[in-house]
Number of protein chains: 2
Amino acid sequence: MSNISFEAPRGMRDFYPEDMVWRNRIFDAWRTAAEHFGFQNYDACVVESLELLQRKSGEEVSEQIYAFEDKSGRKLALRPEMTPTLARMVAAKQSRLPFPIKWYATAQCFRYERMTRGRKREHYQLNMDIIGSQDVLCEAEILGAAVYAMRTMGMPDEAWRIHVSSRALLGELLAASGIPEAQHPAVFIALDKRGKISDEEIAALLRAEGLDEGAIEKTFTLLGVNSLDEAAALAGENSPAIANLRDLFATAAQMGYADILMFDIAVIRGLSYYTGIVFEAFDAQRKFRAIFGGGRYDSLLALVGGQPTPAVGMGFGDVVVGEVLREVLGDAAPVQRSGYCIGYMTDAERPAAIALAARLRAENERVDLSLLAQKPKHFFGKAGNSAAQFAVYLGPDDVASGVAQVKDLQTREITKIQL
Amino acid sequence: MSNISFEAPRGMRDFYPEDMVWRNRIFDAWRTAAEHFGFQNYDACVVESLELLQRKSGEEVSEQIYAFEDKSGRKLALRPEMTPTLARMVAAKQSRLPFPIKWYATAQCFRYERMTRGRKREHYQLNMDIIGSQDVLCEAEILGAAVYAMRTMGMPDEAWRIHVSSRALLGELLAASGIPEAQHPAVFIALDKRGKISDEEIAALLRAEGLDEGAIEKTFTLLGVNSLDEAAALAGENSPAIANLRDLFATAAQMGYADILMFDIAVIRGLSYYTGIVFEAFDAQRKFRAIFGGGRYDSLLALVGGQPTPAVGMGFGDVVVGEVLREVLGDAAPVQRSGYCIGYMTDAERPAAIALAARLRAENERVDLSLLAQKPKHFFGKAGNSAAQFAVYLGPDDVASGVAQVKDLQTREITKIQL
């Protein structure tokens with residue numbers, strides 16, 4: 001019986017009520033934003049078939065999968081991301097879905113990895129995807145919904161930026177530098193490691209892919225491009241990738257969030273299935289990991305065995321945004337007070353307290369009814385620490401007179417209520 | 001690449017948007033009800049330490065646990081229920097929590113078992129618990145919140161009943177029948193199998209526990225008791241268990257749900273840690289499994305190594321209530337229409353459509369903006385099938401005049417909107 005640990009398993013989080021205030025602030029903003037932009041909710045079990053995950057994921061992810069067998073020997077795993085599941089669900093009904101579809105989910109995902117700041121072994125992730133359209137309006141709508149979510153959480157616009165680039169643009173520029181297309185995926189993966197490993201190590205990776213020293217130098221030069229105009233000068237104004245990016249910035253301006261977007265050619269996104277625009281959001285100081293990221297991945301459905309279908313998606317985790325929110329808003333973010341706390345001095349006043357609670361609840365008010373008789377000091381101390389807006393405390397005189405005092409816990413104003 | 005199944009793993013559920021309408025109806029009602037009654041939200045990871053689960057759970061549950069090891073050999077499992085996790089979290093902070101506490105969680109739980117109606121290998125469960133009070137007001141508050149949840153989902157009062165009994169009462173009655181207290185847990189477990197195995201098999205189980213034929217007969221006679229008054233006649237009006245049950249029924253009357261409660265001595269609840277009042281809710285026709293169930297379990301915290309603390313809890317799964325809701329309300333439960341669908345005839349009208357969408361969203365309206373130019377017939381067909389309340393379709397004339405028509409999709413009323 002002794003020596004049981006009361007801790008959660010390593011890397012897994014417990015959420016006490018004070019933690020849930022923050023989590024619900026994030027989850028509620030996600031849901032509000034996704035629905036505000038016309039996304040439909042879907043979900044699937046966190047347990048997936050291991051085969052599906054391995055087919056879709058790169059080698060790096062496969063090593064980090066929590067895999068196990070059920071009692072009949074089925075190979076299962078806790079999903080590391082939602083996208084393979086989404087692709088499976090869409091492929092299963094591909095002939096019957098009214099494309100383009102806009103779907104969102106708040107999905108728990110697991111990765112077995114070393115724990116550093118902003119990384120646990122599980123996290124929750126808002127996934128928003130638009131499947132069945134090549135139009136850049138898809139990217140604009142997804143980013144618009146993400147901006148709406150950040151604003152709903154209380155994050156000021158100036159505290160963060162969305163860094164935007166394009167796999168297609170980088171592909172055009174690499175091709176113009178004489179690097180053959182077959183090598184592009186390996187180049188993307190190498191460049192994505194920038195900041196995590198040294199430039200010399202990246203150069204060694206590129207060399208291993210068969211790039212000569214001239215091509216390697218040109219690749220690093222491309223990463224020095226600082227604006228869309230500089231990129232256009234290299235790619236040419238007829239570049240489809242440049243036109244696509246200019247469309248996105250113009251639509252973002254119409255939608256009211258152009259100031260948050262910035263072109264950043266260094267945004268690569270590690271996973272190799274992206275095909276067009278890619279994006280990552282960071283706090284303005286770049287103190288934290290990416291807040292959210294995503295892009296266009298037109299080949300995904302084909303990858304799991306479905307019909308080729310254009311798609312854009314994003315993942316928005318709860319851990320980093322929680323850290324950024326606490327940094328920007330401070331730990332004492334405002335509490336939304338609502339409803340009533342009701343207390344009573346002795347058991348003689350309890351029936352009146354129960355009756356009042358029943359009446360207020362029937363009027364659609366939130367009521368926290370004391371479970372025991374309390375001294376006024378104890379009752380008002382607990383009520384002040386709660387999220388209630390009003391406190392009502394019943395003593396013998398209140399019950400005898402049929403009228404009680406209602407205290408507004410914010411303004412300290414006192415009003416009366418009939419019992 | 002071929003032969004990947006698009007199905008979810010066996011026993012696990014996919015939720016397409018049309019399924020999420022039902023799931024969110026249930027989840028939202030749970031959250032509304034719990035918060036309406038002053039419960040605070042908590043959560044923990046679905047992955048738990050296997051040791052914790054085995055300590056707490058009976059043998060039957062242990063065999064059904066999805067267990068696995070992580071890469072450093074830690075023994076983990078997908079939780080089969082939330083209660084051990086709750087006990088662990090409360091024990092970890094036992095000296096600092098402001099008891100009594102009222103906590104709720106919506107927790108996914110896993111059991112590896114044969115799949116029958118109302119049983120999958122995973123389900124979601126609302127857990128509401130009050131910890132730190134022996135008062136029957138705890139039971140009344142938890143049942144009141146459950147009733148509020150059912151009403152919020154649209155379930156009529158006459159379509160279901162909460163069956164209430166008391167482990168303490170059954171203990172008193174068994175003791176009065178001469179069955180020693182040490183045998184009571186085994187008797188509870190045997191009686192709980194009633195309806196699942198034959199009465200002869202139950203009698204055999206009781207015989208194996210050392211009950212003689214007279215005691216077995218008396219045990220079955222007790223199950224024939226049909227009312228609280230009959231039980232009181234056997235137990236005596238001084239019985240603490242009878243007084244406790246009468247208090248619960250009186251408080252339920254004050255709270256406005258006495259008509260839903262009924263005394264039913266046959267409610268046992270399988271798990272052996274209950275110590276007082278126990279309850280289970282069923283549809284009025286008893287076509288389905290229990291909708292929710294719970295009771296008082298004053299020994300739970302001590303069981304995981306914490307300080308002994310009185311507690312009442314309930315679990316309310318999403319599967320059975322979903323089946324009952326569909327049966328009672330029909331598949332075509334009313335859709336809550338809100339917000340706008342916006343469409344356009346050609347790409348020339350698209351900027352005006354984007355601008356209108358941005359304006360309405362800034363006014364806090366939900367907007368599903370078409371991702372492509374559509375013929376009116378296609379647009380209005382899709383809008384009619386959506387959950388939007390209004391549809392706006394922009395053609396060249398609308399953009400030229402700066403005024404568009406807004407169609408109410410429910411009433412078919414037409415109004416105008418400035419572009």
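Quick caveat, the model's predicted, so the values are computed rather than measured.

Draft legend 1. Spotlight on the sheet that holds strand β17 (residues 403-408) of chain A. Residue and element names in this part refer to chain A. Taken in spatial order, the 5 strands of this open sheet run β15-β14-β16-β17-β18, and their pairing is mixed. Only two strands of the sheet have a single neighbouring strand rather than two, namely β15 (367-369) and β18 (414-418). Going across the sheet, the axis of each strand differs from the next one's by a mean of 25°, ignoring polarity. Bridge count between β17 and β18: 5 bridges; the pairing is antiparallel. Looking at β18, one finds that Ala404 is bridged to Ile417.

Draft legend 2. Summary view of the sheet that holds strand β15 (residues 367-369) of chain B. Residues and elements named next belong to chain B. The strand order across the open sheet formed by 5 strands is β15-β14-β16-β17-β18, and the pairing between neighbours is mixed. For this open sheet the edge positions go to β15 and β18 (414-418), each flanked by a neighbour on one side alone. Within this sheet the neighbouring strands show an average axis-to-axis angle of 25°, counted without direction. Alignment of strand β16 (residues 390-394) against strand β17 (residues 403-408), held across 3 bridges, turns out to be antiparallel. What sits directly across from Phe390, in β17, is Asp408.

Draft legend 3. Main features of the side chain of Thr83 of chain B. All names here are of chain B. Examined against the element boundaries, Thr83 turns out to sit in helix α4 (residues 83-92). Thr83 sits in the buried class, given a relative accessible area of 9%. If we ignore the near neighbours within four places in the chain, the residues touching Thr83 are Asn127, Tyr273, Tyr297 and Leu300.

Draft legend 4. Molecular detail of the relation of the copies chain A and chain B. Superposing chain A onto chain B takes a rotation of 180° plus a shift of 0.0 Å along the axis, which leaves an RMSD of 0.0 Å. Taken together, the rotation and translation relating the two chain copies correspond to the operation of a two-fold axis. Identified as the residue of chain A closest to the rotation axis by C-alpha distance is Phe68 of chain A, at 2.9 Å. Most of the interface of chain A is mirrored in chain B, where 99% of its interface residues again form contacts.

Draft legend 5. Up close: the packing of helix α1 (residues 17-36) of chain A against helix α13 (residues 318-329) of chain A. All names here are of chain A. Running from N to C, α1 and α13 point in directions that differ by 110°, and their axes come no closer than 10 Å. In this view, α1 runs roughly perpendicular relative to α13, as classed from their interaxial angle. For the pair α1 and α13, the sense of crossing is right-handed. Contacts between α1 and α13 involve Trp22, Arg25, Ile26, Phe27 and Trp30 from the first element and Asp318, Val321, Gly322, Leu325, Arg326 and Leu329 from the second. Its residues assigned to classes, the contact of α1 with α13 comprises 7 nonpolar, 1 polar and 3 charged.

Draft legend 6. Summary view of the interface of chain A and chain B. Residue-level contacts link 97 residues of chain A with 96 residues of chain B. Summed over both sides, the interface between chain A and chain B buries roughly 8000 Å², with carbon and sulfur atoms accounting for 57% of that surface. The three residues of chain A that bury the most area against chain B are Phe6, Tyr16 and Leu371 of chain A, which together make up 10% of that side's buried surface. Summed over the shared surface of chain A and chain B, the result is 16 salt bridges. With a closest N to O distance of 3.2 Å, Lys102 of chain A and Asp368 of chain B form a salt bridge. Counting the contacts that link chain A with chain B gives 44 residue pairs in polar contact (both at pLDDT 80 or more).

Draft legend 7. Quick look at the state of the cysteines. Applying the stated criterion across every chain yields a total of 0 disulfides over all chains. The cysteine Cys45 of chain B is free of any disulfide, with Cys109 of chain A supplying the nearest cysteine sulfur at 11 Å. Considering cysteine sulfurs only, Cys138 of chain A is the nearest to Cys341 of chain B, which forms no disulfide, with 16 Å between them. For Cys341 of chain B, a relative accessible area of 5% translates into the label buried.

Draft legend 8. Quick look at the domain arrangement of chain A. By domain assignment, chain A separates into domain 1 (17-329) and domain 2 (340-418). Measuring from the centre of the C-alpha atoms in domain 1 of chain A to the corresponding centre in domain 2 of chain A gives 50 Å.

Draft legend 9. Structural detail: the side chain of Arg88 of chain B. Along the chain, Arg88 of chain B turns up in helix α4. A polar contact is formed between the side chain of Arg88 of chain B and the side chain of Asp14 of chain A, at a distance of 2.8 Å. Beyond its immediate chain neighbours, meaning those up to four positions away, Arg88 of chain B contacts Ser5, Phe6, Glu7, Ala8 and Asp14 of chain A together with Ala44, Glu48, Leu52 and Val304 of chain B.

Draft legend 10. Main features of the environment of Pro9 of chain B. Secondary-structure assignment places Pro9 of chain B in the segment before β1 (14-15). Taking the relative accessible area as the measure of exposure, Pro9 of chain B reaches 8% and is therefore buried. For the pair Pro9 of chain B and Arg121 of chain B, spaced 112 residues apart in sequence, the C-alpha separation works out to 9.8 Å. Beyond its immediate chain neighbours, meaning those up to four positions away, Pro9 of chain B contacts Val47, Glu48, Ser49 and Leu76 of chain A.

Draft legend 11. Seen up close, the packing of aromatic side chains. Under the counting rule described, the total for this entry stands at 35 aromatic pairs over all chains. Plain terms: the ring middles of Tyr274 of chain A and Tyr297 of chain A are 6.4 Å apart, the flat faces sit at 90° to each other, and that makes the pair edge-to-face. Of this pair, Tyr274 of chain A sits in the loop between β10 (261-263) and β11 (277-283) while Tyr297 of chain A is found in the loop between β12 (292-296) and α12 (300-303), placing the two residues 23 residues apart along the sequence. Looking at Tyr274 of chain A, the relative accessible area reads 10%, which means it is buried. Using a relative accessible area of 3% as the deciding quantity, one classes Tyr297 of chain A as buried. Centre to centre, the rings of Phe27 of chain B and Tyr124 of chain B are 5.2 Å apart; their planes meet at 65°, and the pair counts as edge-to-face. Pair noted here: Phe27 of chain B is in helix α1 (residues 17-36) and Tyr124 of chain B is in strand β8 (residues 122-131), with a separation of 97 residues, a long-range link.

Parameters at a glance
- Numbers given for residues are sequential positions, taken from 1 along each chain in its written order.
- Whichever chain is written first is A, and whichever ligand is written first is 1; the rest continue in order.
- With pLDDT at 70 or above as the cut-off, local features in this predicted model cover only qualifying residues; side-chain atom pairs require 80 or more to be listed or tallied, and sums for whole chains, interfaces and linings still use all residues.
- Computation of side-chain values: all heavy atoms of the structure, hydrogens and water removed.
- In short, DSSP must find at least two bridges between two strands for them to pair.
- Under the DSSP-based scheme used, a helix requires at least four consecutive residues in state H or I and a strand at least two consecutive residues in state E, with every element numbered from the N terminus.
- Interaxial angle, 0 to 180 degrees, is taken between N-to-C directions of lines fitted to C-alpha atoms, where a helix line uses only the stretch in contact.
- Note on exposure labels: buried denotes an accessible area under 20% of the residue type's maximum, exposed denotes more than 50%, and partly exposed covers the range between, all computed with a 1.4 Å probe on protein chains only.
- It only takes one pair of heavy atoms within 4.5 Å for two residues to be counted as in contact.
- The atoms used to superpose the copies are C-alpha atoms, taken from residues with pLDDT of at least 70 in both, and the fit is least squares.
- Any angle from 65 to 115 degrees is called roughly perpendicular, while one under 35 is roughly parallel, one over 145 is roughly antiparallel, and all others are oblique.
- Less than a right angle of anticlockwise turn of the near helix away from the far helix marks a crossing as left-handed, whereas a clockwise turn marks it as right-handed.
- By the convention adopted, Pro, Cys, Tyr, Trp, Phe, Met, Ile, Leu, Val and Ala count as nonpolar, Lys, Arg, Asp and Glu as charged, and the other residues, Gly among them, as polar.
- The term buried area refers to how much accessible surface (probe radius 1.4 Å) is lost by two components on association, counted for both of them together.
- One side-chain nitrogen of Lys or Arg within 4 Å of one carboxyl oxygen of Asp or Glu is enough to make a salt bridge.
- Polar contacts, as counted here, are pairs of nitrogen or oxygen atoms within 3.5 Å of one another; within protein the pair requires one atom able to donate a hydrogen and one able to accept it, and residues that are adjacent in sequence qualify only if both atoms are side-chain atoms.
- By disulfide we mean two sulfur atoms from cysteines, separated by a distance within 2.5 Å.
- The split into domains, and so the bounds of each, comes from an automatic or database assignment of domains.
- Aromatic contacts are taken between Phe, Tyr and Trp rings whose centres are within 6.5 Å, Trp giving its six-membered ring; a plane angle under 30 degrees counts as stacked, one over 60 as edge-to-face, and the others as tilted.

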